[in-house]
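Read off the chains here:
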Amino acid sequence: MANSASGIAVSDECKLRFLELKAKRNHRYIVFHIDDKAQQVMVEKVGNQSETYEDFTNSLPANECRYAVFDYDFTTDENCHKSKIYFIAWSPEIARVRTKMLYASSKDRFKRELDGIQVELQATDPSEMSLDIIKERAY
């Protein structure tokens, strides 16, 4: 079903890959993009479990918007292993205005399709989604 605000639909693969990340923990991250021709959100890249946060940030284009989810594993002060799923709306300053508007107007609808997101970040610059910020938001 298309989003009423932007007319953008969500591909079934997006939902399937997210469920794999959430339930099976077999992906570290997923990067999504909006396909202008198909008018839907599609999977662009899936990072395997061994990839790092740096691998993830390097997979985001410097001049184009993307949505992404990242599965962050950490250990609490009580030595308890935990994991949080982050939703990141990447909208660099130098991206085209039309593209930024399209991603902004489609974000809430897309996020609703991904049931299980625990933390949301919006970033226009890599410093706004540094590993320190990810760690800080985990607790």
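For every chain, the first residue of its written sequence is number 1, and the numbers climb from 1 along that sequence. Only residues with pLDDT of at least 70 get local features here, since the model is predicted, and only at 80 or more are side-chain atom pairs given and counted; chain-wide, interface and lining totals rely on the full set of residues. Hydrogens and water are ignored here; the side-chain numbers use all heavy atoms of the structure.

A.B. asks: Where do I start with the overall build of the chain in this structure?
C.D. replies: The helix and strand inventory of the chain stands at four helices and six strands. The way it works is that DSSP assigns letters per residue, a run of H or I at least four long becomes a helix, a run of E at least two long becomes a strand, and they are numbered from the N terminus. Traced from its N-terminal end to its C-terminal end, the chain shows the element sequence β-α-β-β-α-β-β-α-β-α. For the chain, whose C-alpha radius of gyration is 15 Å, the value lies close to the compact-globule estimate of 14 Å for 139 residues. Viewed in the frame of its principal axes, the chain has a C-alpha envelope of about 45 × 30 × 20 Å. Atoms considered for the radius of gyration are the C-alpha atoms alone. The globule rule reads 2.2 Å times the number of residues to the power 0.38.

A.B. asks: Hey, could you run me through unusual backbone geometry in this one?
C.D. replies: What is expected of a backbone is that most residues other than glycine have negative phi and most peptide bonds are trans. Phi at Arg-25 is positive, roughly 55°, even though this residue is not glycine. Mapped onto the elements of the fold, Arg-25 is located in the loop between helix 1 (12-24) and strand 2 (27-35). Notably, Asn-79 is not glycine yet its phi reads approximately 65°, a positive angle. A residue is classified by how much of its surface remains accessible, and Asn-79, at 59% relative accessible area, is exposed. Classification of residues uses two cut-offs on accessible area relative to the type maximum, computed with a 1.4 Å probe and protein chains only: under 20% is buried, over 50% is exposed, and between them is partly exposed.

A.B. asks: Would you explain the UniProt feature "domain: ADF-H" (unreviewed entry) in the chain in this entry?
C.D. replies: UniProt positions are given in the numbering used here, feature names are shortened, and annotations may be inferred rather than shown by experiment. Those residues carrying the UniProt feature "domain: ADF-H" (unreviewed entry) are residues 7-139 in this numbering. As annotated, residues 7-139 has a helix share of 33% and a strand share of 34%, and its two end C-alpha atoms lie 36 Å apart.

A.B. asks: What exactly am I supposed to notice about the layout of surface pockets here?
C.D. replies: To locate leftover empty space, one rolls a probe as large as a water molecule over the atoms. Lining residues are defined by having an atom within 4 Å of a point belonging to a cavity or pocket. Those points lie on a 1 Å grid over the protein atoms alone, cavities being sets where a 1.4 Å probe fits but cannot get out and pockets being open sets with protein on both sides within 12 Å along at least five of seven lines. Grid points are joined across faces, edges and corners, and a volume is the space filled by probe spheres set on the points. In this structure, the largest pocket encloses a volume near 230 Å³. Considering the residues around the largest pocket, the lining is formed by 13 residues, among which Asp-36, Glu-64, Arg-66, Arg-96 and Thr-99 are closest to the centre. Going through the elements one at a time, strand 2 and helix 3 (97-113) are the ones with two or more residues in the lining of the largest pocket. As a working rule, the residues Ala, Val, Leu, Ile, Met, Phe, Trp, Tyr, Cys and Pro are called nonpolar, Asp, Glu, Lys and Arg charged, and the rest polar, with Gly in that last group. The class makeup of the residues in the lining of the largest pocket is five nonpolar, three polar and five charged.

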